[in-house]
Amino acid sequence: MSEYVIMTDSASDLPEEYIKEHDLDVLNLFYNLEGTIYGGEHLLSIQDFYQKMRAGSMPTTMAVNPEDAGNAMRRHLEAGKDILYLAFSSGLSASYQNAVIAANDLKEEFPDRKIIVIDSLCASMGEGLFVHKALKLRDGGKSLEEAAKWLEDHKLNVCHQFTVDDLHHLHRGGRVSKTTAVLGTLINVKPVLHVDDEGKLVSLCNVRGRKKSLQALVSNMEKTIKGFEDENEDIFISHGDCLEDAKYVAELIEEKFGPKNFYISYVSAVIGAHSGPGTMALFYMGNKR
């Protein structure tokens, strides 16, 4: 059985220590903030990023480009390794399509090597959870094809529940109307959203107040976790510079479902550019999205 590597992109929001521990190859998505391009070796701390957003800066983001994806894949192919590439949702980015372009070009050059690119239909640490499952499959002895099949069969079981603190960022991204953003802000409405089966952000419900929106994430988890209890030893949580809220959600989950291994990380700049400071997101395995 040929050795294979698992690749993903930085929209997976996995913490740096996790990436290093698992020797993951993570392609960077770049963003433009106040006329400066960040990503790769040119970094801005995530705390400074959110501080600038709170002060009114409006970043824009870029997908993984085919050249970068191809260069990263080539290194592994030249080392005699096959590749399983798990991409940011095609419903939110062109990163998946660009990775496919890169892979198809390289397949002609390396006909004896295998490259499988999977559209995760996931975002943030939902994509991170998807990668986590892939690593467990590989390290458990599953072949490239076996791991890819399981991931394709179960990617719609990766549930995303999230809420935002500021509706205006969703309006800027076309997720809610200007009227909804203005009125919602005035009456303290907090939307609860998820990523649907097409990998797109859609609204589930609206609740009044921040605390109730956080509680709704866990209530929705309870509704969709049946039959997947054994798949949820590990729970992933990401936050837009609101760690205390992330800890509160983790506490609610432990109260309701018992002890879990929690992976808590920041919503990265490329995701946070669209969701804004104060985003809180919960990811787990469930029977439906």
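Now for a look at the structure at hand. Keep in mind that what you see is a predicted model, and the values were worked out from it rather than measured. (Residues numbered from 1 in each chain as written. Predicted model: local features only at pLDDT ≥ 70, side-chain atom pairs only at ≥ 80, totals over all residues. Heavy atoms only, no water.)

**Here we look at the packing of helix 3 (residues 66-78) against helix 4 (residues 95-109)**
Here helix 3 crosses helix 4 at 45°, and the two axes come no closer than 8 Å. In terms of their interaxial angle, helix 3 and helix 4 are classed as oblique. Helix-helix and strand crossings are classified by hand; for helix 3 and helix 4 the assignment is right-handed. The segment helix 3 lies against helix 4, with Pro66, Ala69, Gly70, Met73, Arg74 and Leu77 engaging Asn98, Ala99, Ile101, Ala102, Ala103, Leu106 and Glu109. (Axes fitted to C-alpha atoms, helices over the stretch in contact; angles between N-to-C directions. Helix = DSSP H or I, 4+ residues; strand = E, 2+ residues; numbered from the N terminus. Parallel < 35°, antiparallel > 145°, perpendicular 65-115°, else oblique. Left-handed = near helix turned anticlockwise from the far one by under 90°. Contact = heavy atoms within 4.5 Å.)

**With respect to unusual backbone geometry**
Positioned with a positive phi, Glu34 is a non-glycine residue whose angle comes to about 55°. Residue classification places Glu34 among the exposed residues on the basis of a relative accessible area of 53%. A positive phi angle, close to 65°, is found at Asp241, a residue other than glycine. Inspection of the secondary structure puts Asp241 in the loop between strand 11 (234-239) and helix 10 (243-257). A relative accessible area of 23% places Asp241 in the partly exposed class. (Buried < 20%, exposed > 50% of the residue type's maximum accessible area, 1.4 Å probe, protein only.)

**Considering the layout of surface pockets**
As a volume, the largest pocket reaches approximately 750 Å³. For the lining of the largest pocket, the secondary structure elements donating two or more residues are helix 1 (16-21), helix 2 (46-54), strand 12 (261-266) and helix 11 (269-275). The biggest single contributor to the lining of the largest pocket is helix 1, with four residues. Class assignment of the residues belonging to the lining of the largest pocket gives a composition of 15 nonpolar, nine polar and five charged. (1 Å grid on protein atoms, 1.4 Å probe; cavity = no way out; pocket = protein on both sides within 12 Å on 5 of 7 lines; lining within 4 Å. Points joined across faces, edges and corners; volume = space filled by probe spheres on them. Nonpolar A, V, L, I, M, F, W, Y, C, P; charged D, E, K, R; others polar.)

**Examining the pattern of salt bridges**
Inspection of every chain in the model, using the stated rule, returns 17 salt bridges. A salt bridge links Glu152 to Lys155, with the shortest nitrogen-to-oxygen separation between them at 2.9 Å. On the basis of relative accessible area, Lys155 is assigned to the buried category, the value being 11%. (Salt bridge = Lys/Arg side-chain N within 4 Å of Asp/Glu carboxyl O.)

**Points about the nonpolar core**
In summary, soluble globular proteins display a tendency toward joint burial of nonpolar side chains. Counting 35 residues, the largest nonpolar core has Met7, Tyr31, Phe49, Met73, Ile83, Tyr85 and Ile115 as its most contacted members. Where this core is concerned, the elements lending two or more residues are strand 1 (4-9), strand 3 (31-33), helix 2, helix 3, strand 6 (82-87), helix 4, strand 7 (115-119) and helix 11. Counting residues in each nonpolar core, the second largest holds 31 residues, with Ile19, Ile118, Leu129 and Leu151 among its members. (Core = buried A, V, L, I, M, F, W, Y, C linked by side-chain atoms within 4.5 Å.)

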